[in-house]
Amino acid sequence: MHQLTRRQRQILDFLRNNPDKFPYPPTLDELCAALGMASRGSLHKHISALIEAGLVEPLSGQKQGGIRLTIKAKRNEDEGEQRLPFVGKIAAGKPIEAIEHVHYMAVPEVLRSDKPCYVLQVKGDSMIEAGIFDGDWVVIEQRSHAHNGEIVVALVEKTEVTLKYIEQAPDKVLLIPANASLAAMAYHPEQVEIQGVLVGQMRSYRSSLIK
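Conventions adopted
Residues numbered from 1 in each chain as written. Predicted model: local features only at pLDDT ≥ 70, side-chain atom pairs only at ≥ 80, totals over all residues. Heavy atoms only, no water. Helix = DSSP H or I, 4+ residues; strand = E, 2+ residues; numbered from the N terminus. Buried < 20%, exposed > 50% of the residue type's maximum accessible area, 1.4 Å probe, protein only. Contact = heavy atoms within 4.5 Å. Salt bridge = Lys/Arg side-chain N within 4 Å of Asp/Glu carboxyl O. Phe/Tyr/Trp six-rings, centres within 6.5 Å; stacked < 30°, edge-to-face > 60°. 1 Å grid on protein atoms, 1.4 Å probe; cavity = no way out; pocket = protein on both sides within 12 Å on 5 of 7 lines; lining within 4 Å. Points joined across faces, edges and corners; volume = space filled by probe spheres on them. Nonpolar A, V, L, I, M, F, W, Y, C, P; charged D, E, K, R; others polar. Core = buried A, V, L, I, M, F, W, Y, C linked by side-chain atoms within 4.5 Å. Expected span 1.5 Å × (residues − 1). Arc of directions from axis to C-beta. Polar contact = N/O pair within 3.5 Å; in protein donor to acceptor, adjacent residues only side chain to side chain. Pairing = 2+ DSSP bridges.

1. So, the overall build of the protein
Item 1. Across its full length, the protein holds 4 helices and 11 strands.
Item 2. Out of the 211 residues in the protein, the part that is buried amounts to 39%.
Item 3. Taking contacts inside the protein between residues at least 6 apart in sequence as the whole, the part at least 24 apart equals 55%.

Structure representation (structure tokens):
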């Protein structure tokens, strides 16, 4: 495993967190300007180290061209955490608000499972008594089944998606909020499709949450 310097980590995080800043993979000159670096030679040295680590790659094999992340970098497989796709926002009784460009968020290993996972941001207060608040990010294990009592992402009648506790019986499915002011919703089993199960949760205490 390659040990990254602080500046190499900064460059890598910039490329990960700003996928829409450039219409094409940025050149060294564009990265210099964006990062506020005065020395193109210094950046070239850091980029060369990231290429050697397998985290970025030059287009057409030329460092003078654009620089893009490798699959390894997007998943962060070398650092005990994984970059999971952030696919949108979820609120009670509304479709997932898909974002225009899927990007990746670093998720510690303890907050995800060993199965495919994705990240959603919560809108609303329907699960506040489970400690899930407006603006939280939830890590969802992608699967189509759940045990009773688990918190699931449920697609209802092919049109609405919600985050709720689930209780299943042969003739009925209950989607239960964690908010005493809201009632449980009852459906026929064929009306509900499980799209994943909650396995982790993240929260930012900054005021600049994704809106």
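2. Some remarks on the pattern of salt bridges
Item 1. Following the criterion strictly, the structure yields 9 salt bridges and no others.
Item 2. For Lys158, the salt bridge is made with Glu193, and the minimal N-O distance between the two is 3.0 Å. Taken together, the residues span a long stretch of sequence, with Lys158 in the loop between strand 7 (151-156) and strand 8 (160-169) and Glu193 in strand 11 (residues 192-202) at a distance of 35 residues.
Item 3. A relative accessible area of 33% places Glu193 in the partly exposed class.
Item 4. Within the structure, one salt-bridge network assembled from shared partners comprises Arg9, Asp13 and Arg16.

3. Observations regarding the packing of aromatic side chains
Item 1. Following the criterion strictly, the structure yields 1 aromatic pair and no others.
Item 2. Consider the rings of Phe14 and Phe22, whose centres lie 6.4 Å apart with planes at 65°: the pair is edge-to-face.

4. Quick notes on empty space enclosed by the protein
Item 1. Enumeration according to the criterion identifies 1 cavity of 30 Å³ or more in this entry.
Item 2. Taken as a whole, the largest cavity encloses approximately 60 Å³ of empty space.
Item 3. Every residue lining the largest cavity is counted, 11 residues in all, and those nearest its centre are Val122, Lys123, Ser126, Met127 and Leu163.
Item 4. Taken together, the elements giving at least two residues each to the lining of the largest cavity come down to strand 3 (81-91) and strand 5 (117-123).
Item 5. Here the residues of the lining of the largest cavity sort into 7 nonpolar, 2 polar and 2 charged.

5. Quick notes on the nonpolar core
Item 1. One finds Leu31, Leu43, Ile47 and Val56 to be the most contacted residues of the largest nonpolar core, which totals 20 residues.
Item 2. Put simply, the parts of the chain that give this core at least two residues each are helix 1 (6-17), helix 2 (28-35), helix 3 (40-52) and strand 2 (67-69).
Item 3. Setting aside chain neighbours within four positions, we find Val56 in contact with Leu12, Leu15, Ile47, Leu50, Ile51, Ile67, Arg68, Leu69 and Thr70.
Item 4. In terms of nonpolar packing, the next biggest core, distinct from the first, is built from 14 residues, Tyr118, Val122, Ile151 and Leu155 among them.

6. Let's talk about helix 3
Item 1. With 13 residues, helix 3 ought to run about 18 Å at 1.5 Å a step, and its terminal C-alpha atoms sit 18 Å apart, in line with that.
Item 2. Of all the positions in helix 3, only Leu43, His46, Ile47 and Leu50 are classed as buried. An end-on view of helix 3 places all buried positions within 100° of arc, on one side of the element. In this structure, helix 3 carries Gly41, Lys45 and Glu52 as exposed residues pointing more than 90 degrees from its buried face.
Item 3. Elements that come into contact with the buried residues of helix 3 comprise helix 1, helix 2, strand 1 (56-58) and strand 2.
Item 4. A side-chain oxygen of the first residue of helix 3 lies 3.4 Å from the backbone nitrogen of Gly41; this N-cap is Ser39.

7. Notes on the environment of Leu28
Item 1. With respect to the helices and strands, the residue Leu28 is situated in helix 2.
Item 2. Residues Leu28 and Ile67 lie 39 residues apart in sequence; the distance between their C-alpha atoms is 7.6 Å.

8. Section: unusual backbone geometry
For residues other than glycine, phi is negative in most cases, and the peptide bonds are mostly trans.
Item 1. A positive phi is found at Glu157, a non-glycine position, where the angle reads about 50°.
Item 2. Relative to the helices and strands, Glu157 is located in the loop between strand 7 and strand 8.
Item 3. The exposure class of Glu157 is partly exposed, given its relative accessible area of 45%.
Item 4. Of note in this structure, Lys158 is not a glycine but carries a positive phi near 65°.
Item 5. Residue class for Lys158 comes out exposed when judged on its relative accessible area of 66%.

9. Describing the pairing of strand 7
Item 1. When you tally the buried positions in strand 7, you get 6 out of 6 residues, the bulk of the element.
Item 2. Residues Ile151, Val153 and Leu155 line one face of strand 7 and the alternating positions Val152, Ala154 and Val156 line the opposite face, and both faces are buried.
Item 3. As paired strands, strand 7 and strand 8 are joined by 6 bridges and run antiparallel to one another. If you follow Ile151 over to strand 8, its bridge partner there is Tyr165.
Item 4. The antiparallel hairpin formed by strand 7 and strand 8 contains 3 residues in its connecting segment, where Glu157 sits at a positive phi of about 50°.
Item 5. Note: strand 7 against strand 11, 5 bridges, orientation antiparallel. Across the sheet, Leu155 pairs through a bridge with Glu193, a residue of strand 11.

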